[in-house]
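Letter by letter, the chains look like this.
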Amino acid sequence: MSGSDRTVIVPEAELRNAARSPGMLGRSIRKHHFYYWLMLPGVVYLLIFKYLPMLGISIAFLEINPFIGFKGVIGGEWVGFENFQRFFGSYFFGNIVANTFIISGLKLLFSFPTTIVLALLINELVNVLFKRVVQTISYLPHFISWVVVAGLAFKMFSTSDGLVNQLLEWLGGERLSFLGDPRYFRSVLVATHVWKEIGWGTIIILAALAGVNPELYESAIIDGANKLQQTIRITLPSIAMVISILLIFNIGNLINAGFEQILLLYSPVVYDVSDIIDTYVYREGLQQLNFSYAAAVDVFKSIIALAMVVMANFTAKKLEQEGLW
Amino acid sequence: MAVSISRGEKVFNGCNVVFMIFLSAWFIIPFVVVASTSVVGAAEAARRGGLVFIPQTFDLGAYQAIFAKGSAIIRSYGVTLFRVVVGTALNLLFTAPFAYALSKRSVPGRKPIAMFVFFTILFHGGLIPTYLVVRYTGLYNTLWALVIPQLVNPWWMLIMRNFFYTIPESLEESALIDGATPPMVLLKVVLPLSMPVLTTIGLFYAVWHWNSWFDAAIYLADIRRMPVQNILRRILINATEVINDNPEMLYEMDAPPPPDAIKGAVIMVATVPILFVYPFIQKYFVKGVLLGSVKG
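Residues numbered from 1 in each chain as written. Chains lettered and ligands numbered in written order. Predicted model: local features only at pLDDT ≥ 70, side-chain atom pairs only at ≥ 80, totals over all residues. Heavy atoms only, no water.

**Some points on the overall build of chain A**
- Helix and strand counts for chain A stand at 16 helices and 2 strands.
- For 325 residues, the compact-globule estimate of 2.2 N^0.38 gives 20 Å, and the C-alpha radius of gyration of chain A, at 27 Å, exceeds that figure by more than 25%.
- Overall size of chain A, expressed as C-alpha extent along the three principal axes, is 80 × 75 × 30 Å.
- Counting across all 325 residues of chain A, residues that qualify as buried make up 48%.
- Contacts in chain A between residues at least 24 apart in sequence constitute 62% of all its contacts with a sequence separation of at least 6.
- Total accessible area on chain A stands at roughly 16,200 Å², and carbon and sulfur atoms take up 65% of it.
- Taking the 23 positively charged and 23 negatively charged side chains of chain A as two groups, their mean positions are separated by 8 Å. (Helix = DSSP H or I, 4+ residues; strand = E, 2+ residues; numbered from the N terminus. Rg over C-alpha atoms; globule rule 2.2 N^0.38 Å. Buried < 20%, exposed > 50% of the residue type's maximum accessible area, 1.4 Å probe, protein only. Contact = heavy atoms within 4.5 Å. Areas by Shrake-Rupley, 256 points an atom, 1.4 Å probe, with all protein chains shown as cover. Lys, Arg positive; Asp, Glu negative; His and termini not counted. Charge placed at Lys NZ, Arg CZ, Asp CG, Glu CD.)

Structure representation (structure tokens):
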């Protein structure tokens, strides 16, 4: 064991030194050429499909003609911040920004605490097999596409024969047009989101719960603490850090309100309450072919998203000396 | 622990189990309703209304309709299989070597290259510029548009790199000292050890491909090249004709199935493979989630 260790340490140290001294850098690069070849395809991919679009943001400052092909894009006329001004001055600016944060805020409000409670309850299940079955079933919706979930939602919320309305009627209520009424549409978004992701969200919390020192519970039981007291005094403080970090990154991601979900479920009658930045960019850009204008709106979003993630990471680092990077 | 369980605790455990049963029902019932609807024929649907839990008759008309000659569903299934199989293979081919090379601590410049990857998570060109790149690279309206624009998921690549960090460098270096070349080390030493992470990330990509539809919706103009999710989407917006290349086919059937049965049948066809596979692959996903939540 120690013998093989010794043979290893020498070349590693040599490589480190080689990389450190500037004169040897070229040699070190040549020595590792195999690894650069391995990176090359991925780097080329990222350059074309991730970095080239970043350069393409410049179309937000151009007036381009989408109907004459590539020439129309590169031959665009410089218009400065005109597209941005048009967006900030339009009705849509306030509406879609508000919708984005209201919808994702509502989702966070309803899914975050419920996920924690569900994880705590699953953690209390005594029968291991039952626990595993419940977990497996709760993960199911995560593996289903939003198209299928939308199909299920159309069926469940249907005004004529949906289960939800049948239940409402049975309870003495009136049938509601959940998908077509601006008053209820956001609750459909929240409900389908919670349905799809609550089970999956418990994974990280359950992992944190599994890491709590069992001796803490043992001594608490000896001291006569009941389940509720144990939960409040031991469990929650033990997973507080994980929960805080999760919350911070969820807040940092509030600008993403669920593009695919909304695009599949909404319709013009509920645009007022459900049109978010992403759906607006999609309609303006790819349906109306206002490439420059849509790109400008998207840039606005990307910059806010970047700022929010950076702030979230900064906060997480402050809290735990550990962030995304 | 053999500690005696108090009565309060027993009550709590009982309530918890009952709650979990209701919760599981909440997850499953939508699938049950849709599955039942898919086998309810026109006569029974007219008699009992649209909401059926347990069908009285078992009418496979909707399935006959969607698999009939000229079926668009079968063709779209082919497209979906193409993107799952070829797409995932290419994903791994581009992601794994990249991740492995980035895990080599002695390679000069690997930190800036890792930042170059990570930056694409933080900032995007956005929908329109990406669309234009796909358009003007000639991928538009080809099946490659479903594969090439998403070759490397930077998150998953970094998860893979974190895995490669855990392979002891001593293993590789002793092979190098024994005269193996770096490519041989990769194939003979590293690859066999990497099967768990390749499976995990491969399944991430495969399920992603199976469920994706938005890229096909914007990069493909021809409905004949659309994957099954996109055909389902068309059907959901009340265009049941798209199940077949011959739109008249439905009206030529002896007893045409109700539109809801067709919708239900296509939902089932798009979902059943995942329903059968996910109980076996979920543990890899859980592993992936936990790997991703720990910084390497």
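**Quick notes on the overall build of chain B**
- Across its full length, chain B holds 14 helices and 0 strands.
- Taken from the N to the C terminus, the helices and strands of chain B come in the order α-α-α-α-α-α-α-α-α-α-α-α-α-α.
- In terms of principal-axis extent, the alpha carbons of chain B reach across some 75 × 70 × 35 Å.
- Sorting the 296 residues of chain B into buried and exposed places 53% on the buried side.
- Pairs at least 24 residues apart make up 71% of the contacts formed inside chain B by residues separated by at least 6 positions.
- Within the structure as shown, chain B displays about 13,200 Å² of accessible surface, and the carbon and sulfur contribution to it stands at 68%.
- Measuring between centres, the 22 positive side-chain charges of chain B sit 9 Å from its 15 negative side-chain charges.

**Digging into the environment of Gly41 of chain B**
Residues and elements named next belong to chain B.
- One can find Gly41 in the loop between helix H1 (7–38) and helix H2 (42–48).
- Sequence separation between Gly41 and Pro183 is 142 residues, and the spatial gap between their C-alpha atoms is 60 Å.
- Setting aside residues no more than four positions away along its own chain, Gly41 makes contact with Asp59 and Pro258.

**Overview of the interface of chain A and chain B**
- On the chain B side, the residues contacting the 92 residues of chain A number 95 residues.
- Taken together, the two surfaces of chain A and chain B that pack against each other cover about 8,700 Å², and 80% of this comes from carbon and sulfur.
- The tally of links between chain A and chain B comes to 2 salt bridges.
- In this structure, the connection of chain A to chain B is made through 16 residue pairs in polar contact (both at pLDDT 80 or more).
- Per-element tally for the side of chain A that touches chain B: the top contributor is helix H3 (residues 33–56) of chain A, with 19 residues. (Buried area = accessible area lost by both parts, 1.4 Å probe. Salt bridge = Lys/Arg side-chain N within 4 Å of Asp/Glu carboxyl O. Polar contact = N/O pair within 3.5 Å; in protein donor to acceptor, adjacent residues only side chain to side chain.)

**What about the pattern of salt bridges?**
- The tally for this structure, following the rule as stated, stands at 14 salt bridges over all chains.
- For Asp260 of chain B, the salt bridge identified is with Lys155 of chain A, shortest N-O distance 3.0 Å. Taken together, the residues span two chains, with Asp260 of chain B in helix H14 (residues 259–293) and Lys155 of chain A in helix H8 (residues 146–156).
- For Asp260 of chain B, a relative accessible area of 28% translates into the label partly exposed.

**Quick look at the packing of aromatic side chains**
- Enumeration according to the criterion identifies 47 aromatic pairs over all chains in this entry.
- Aromatic pair Phe259 of chain A and Phe214 of chain B: ring centres 4.9 Å apart, planes at 85°, arrangement edge-to-face. Of this pair, Phe259 of chain A sits in helix H13 (residues 259–265) while Phe214 of chain B sits in helix H11 (residues 214–219), on two different chains.
- A relative accessible area of 18% means that Phe259 of chain A is categorised as buried. (Phe/Tyr/Trp six-rings, centres within 6.5 Å; stacked < 30°, edge-to-face > 60°.)

**Quick word on the packing of helix H9 (residues 182–193) of chain B against helix H10 (residues 195–211) of chain B**
Residues and elements named next belong to chain B.
- Running from N to C, H9 and H10 cross one another at 60°; their axes reach a closest spacing of 5 Å. Classified by the angle between their axes, H9 and H10 sit oblique to one another. Between H9 and H10, the residues in contact are Leu191, Pro192 and Leu193 and Met195, Pro196 and Leu198, respectively.
- Residues of the contact of H9 with H10, tallied by class, amount to 6 nonpolar, no polar and no charged. (Axes fitted to C-alpha atoms, helices over the stretch in contact; angles between N-to-C directions. Parallel < 35°, antiparallel > 145°, perpendicular 65-115°, else oblique. Nonpolar A, V, L, I, M, F, W, Y, C, P; charged D, E, K, R; others polar.)

**Points about the nonpolar core**
- Counting 184 residues, the largest nonpolar core has Phe143 of chain A together with Ile66, Phe98, Ile128 and Ile243 of chain B as the members making the most contacts within it.
- With residues near it in sequence (within four places) discarded, Phe143 of chain A still touches Trp200 of chain A together with Val207, Asn211, Ile274, Tyr278, Ile281, Gln282 and Phe285 of chain B. (Core = buried A, V, L, I, M, F, W, Y, C linked by side-chain atoms within 4.5 Å.)

**Some thoughts on helix H4 (residues 72–102) of chain B**
- A rise of 1.5 Å per residue sets the reference length of H4 of chain B, with its 31 residues, at 45 Å; its end C-alpha atoms lie 43 Å apart and thus fit the reference within 8%.
- Regarding H4 of chain B, its N-cap is Ser71 of chain B, as a side-chain oxygen of that residue lies 3.1 Å from the backbone nitrogen of Ile73 of chain B further along. (Expected span 1.5 Å × (residues − 1).)

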